[in-house]
Amino acid sequence: MFALIDCNNFYASCERVFNPSLNNQPVVVLSNNDGCVIARSNEAKALGIPMGAPAFQIKQLLNKHNIHVFSSNYALYGDMSARVMNILSNFSPELEVYSIDEIFLKLEGFNLYDLTQYGWNMIDLVKRSTSIPISIGIAPTKSLAKVANKIAKKFPERTKGTYVIDTPLKVEKGLKWTKIGDVWGIGRQYQTKLQGIQVTNAWQFTQLPNEYVRKEMSIVGLRLQRDLSGIPTLDLEEVAVKKNIAVTRSFEKMYTDLEDIRERVATYASKVSLKLRKQNSCCQIAYLFLHTNKHREDLPQYANGISIKMPFETNSTMVITNAAMTGLKRIYREGYQYKKAGIIVMGLTPDTQNQLGLFYNEDPRHKVLMQTIDRLNKNCFDQVKLGAQDLSKVWKMQQNHLSKRYTTRLNELIEVKV
DNA sequence: TCTGGGGTCCTAGGACCC
DNA sequence: TCTGGGGTCCTAGGACCC
């Protein structure tokens, strides 16, 4: 059996941990630059706040209902996630952390266990240890565990947060209850296509001829169909090193000047280089893109990107930043108002087995320098930067509703009045 | 005024090899 | 009239996830 455990309204729940006055109050969390709604408490959902809504469009609604608004605080969410995952990892030796708020556990050899009770034990322990509410679905396959999890969430009174699918009858009932668009692996396009042939729930999908599914949805769809039918097909996946790493950001306002954009791109390049070093990878290619504000159709539009082949496999901030600057010069055009840029590094290789170049190789001093800079920045919070970055300003993001980093910064600890 | 960020996998077709 | 067979690698595009 597989268990899928997922944190309820995770970001909103994190905000409540250190601010219990938010309990039972509507809470929303916004994306970078305080742009869109990316998390909602149940109360906010009930008030009709749509997922993904631009904050400025729903300002009135937020004010009218006194909804508590937060900027995203990834330092807090990341740390709370690690705590929750750590606790849950005690419930099975085989697991897959699927996202910041979801984890699969494989429950092999649990035949004599009351799995519903087992789930309730998890909920209880995580709640007592972290204050984060979770929901649990347990079933013979991963995709059915997803279905069970949805049921647990939808009927909290009846399930008390845990729902187990363990009979063919429950499989059928669960699948018939699940709308086709809510199935894990069925997105917008497939939903439309399937509805077009009168497939509106997950059960009907499992009844489709294999050949049709194979032809229209490739091998991926076929696997999903099998897995949903109760034949274990999708297994836990190993945590692999990433194949691409990206840092992409909208600017807090539109920039026209090359100098301003150079500074932003240099900062993104150094962030992406640090991510590379953290997973002990080097890159062969850096891809840089730049574009204007797509939502401003009244303004002239321009978007372009460029792949830059590195002279050798590298994770040096200086080499990658240099490449990005060269690329930027090539794609930047005067006279546009730019809103977003990003760097994606690709062709990643382990930094222990670098292929030596025939003509050019990295200055061996870079490696030592990077290690030193990383160590300094870890202890002193990003004090060492390249000259191309803006040294004076730390945050270039709209974050008007940011909570404290309660769990990762000593000077932001929660204060208790006696 | 204002609209997020970061990933994965699969397939078809082109370029190339012998 | 008639023009082989078998393979790999790379890329762009399309789908999906949180």
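Data block above holds the structure.
This paragraph deals with helix α4 (residues 74–88). For α4, which comprises 15 residues, the first-to-last C-alpha distance of 21 Å matches the rise-based estimate of 21 Å (1.5 Å per residue) to within 8%. Within α4 the residues assigned to the buried category are Leu-76, Tyr-77, Met-80, Ser-81, Val-84, Met-85, Ile-87 and Leu-88. All buried residues of α4 lie within an arc of 155° about the axis, which places them on one face of the element.

Neighbouring DNA strand C are 13 residues, the closest being Glu-102, Lys-146, Gly-185, Gly-187 and Tyr-190. Within 4 Å of the protein, atoms of DNA strand C come from sugar and phosphate in 100% of cases. Within the side chain of Asp-101, a nitrogen or oxygen atom sits 3.3 Å from a sugar or linking oxygen of DNA strand C. Gly-187 is positioned with one of its backbone polar atoms (N or O) 2.9 Å from a phosphate oxygen of DNA strand C. Put simply, the parts of the chain that give the surface near DNA strand C at least two residues each are β5 (94–99) and α9 (188–196). Here the surface near DNA strand C gets three residues from one element, more than from any other, and that element is α9. Here the residues of the surface near DNA strand C sort into five nonpolar, four polar and four charged.

Inspection of the sheet shows β5 paired to strand β6 (residues 102–106) by five bridges, in the antiparallel sense. Across the sheet, the residue bridging to Ser-99 is Glu-102, located in β6.

Let us now look at the pattern of salt bridges. Inspection of every chain in the model, using the stated rule, returns 17 salt bridges. Here Lys-176 makes a salt bridge to Glu-172, at a shortest N to O gap of 2.6 Å. A residue pair is termed a helical-turn pair when its members lie 3 or 4 positions apart in one helix, as Lys-176 and Glu-172 do in helix α8 (residues 168–177) at four residues. Taking the relative accessible area as the measure of exposure, Lys-176 reaches 42% and is therefore partly exposed. Between Arg-262 and Glu-259 there is a salt bridge, with the nearest N and O atoms lying 3.7 Å from each other. With Arg-262 and Glu-259 both in helix α12 (residues 258–278) and three residues apart, the pair spans about one turn of that helix.

With respect to the secondary-structure elements, Ile-245 resides in strand β9 (residues 245–255). Since its relative accessible area comes to 6%, Ile-245 is described here as buried. As a C-alpha pair, Ile-245 and Cys-283 span 38 residues in sequence and 9.4 Å in three-dimensional space.

A separate point is the packing of α4 against helix α5 (residues 115–130). At a minimum axis distance of 10 Å, the contact between α4 and α5 shows a crossing angle of 140°. Between α4 and α5, the angle is such that the two are oblique. Along this stretch, α4 crosses α5, giving a crossing that reads as right-handed. Where α4 abuts α5, its residues Met-80, Arg-83, Val-84, Ile-87 and Leu-88 lie against Met-122, Leu-125, Val-126, Ser-129 and Thr-130. Of the residues that constitute the contact of α4 with α5, the class distribution is seven nonpolar, two polar and one charged.

The subject of this paragraph is unusual backbone geometry. Positive phi is not limited to glycine here, since Lys-160 has a value of about 50°. Positive phi outside glycine occurs at Ser-218, with the angle close to 60°. With respect to the helices and strands, the residue Ser-218 is situated in helix α11 (residues 210–228). Residue class for Ser-218 comes out partly exposed when judged on its relative accessible area of 30%.

Scoring rules and cut-offs
- Residues numbered from 1 in each chain as written.
- Chains lettered and ligands numbered in written order.
- Predicted model: local features only at pLDDT ≥ 70, side-chain atom pairs only at ≥ 80, totals over all residues.
- Heavy atoms only, no water.
- Helix = DSSP H or I, 4+ residues; strand = E, 2+ residues; numbered from the N terminus.
- Expected span 1.5 Å × (residues − 1).
- Buried < 20%, exposed > 50% of the residue type's maximum accessible area, 1.4 Å probe, protein only.
- Arc of directions from axis to C-beta.
- Near = heavy atom within 4 Å.
- Polar contact = N/O pair within 3.5 Å; in protein donor to acceptor, adjacent residues only side chain to side chain.
- Nonpolar A, V, L, I, M, F, W, Y, C, P; charged D, E, K, R; others polar.
- Pairing = 2+ DSSP bridges.
- Salt bridge = Lys/Arg side-chain N within 4 Å of Asp/Glu carboxyl O.
- Axes fitted to C-alpha atoms, helices over the stretch in contact; angles between N-to-C directions.
- Parallel < 35°, antiparallel > 145°, perpendicular 65-115°, else oblique.
- Left-handed = near helix turned anticlockwise from the far one by under 90°.
- Contact = heavy atoms within 4.5 Å.

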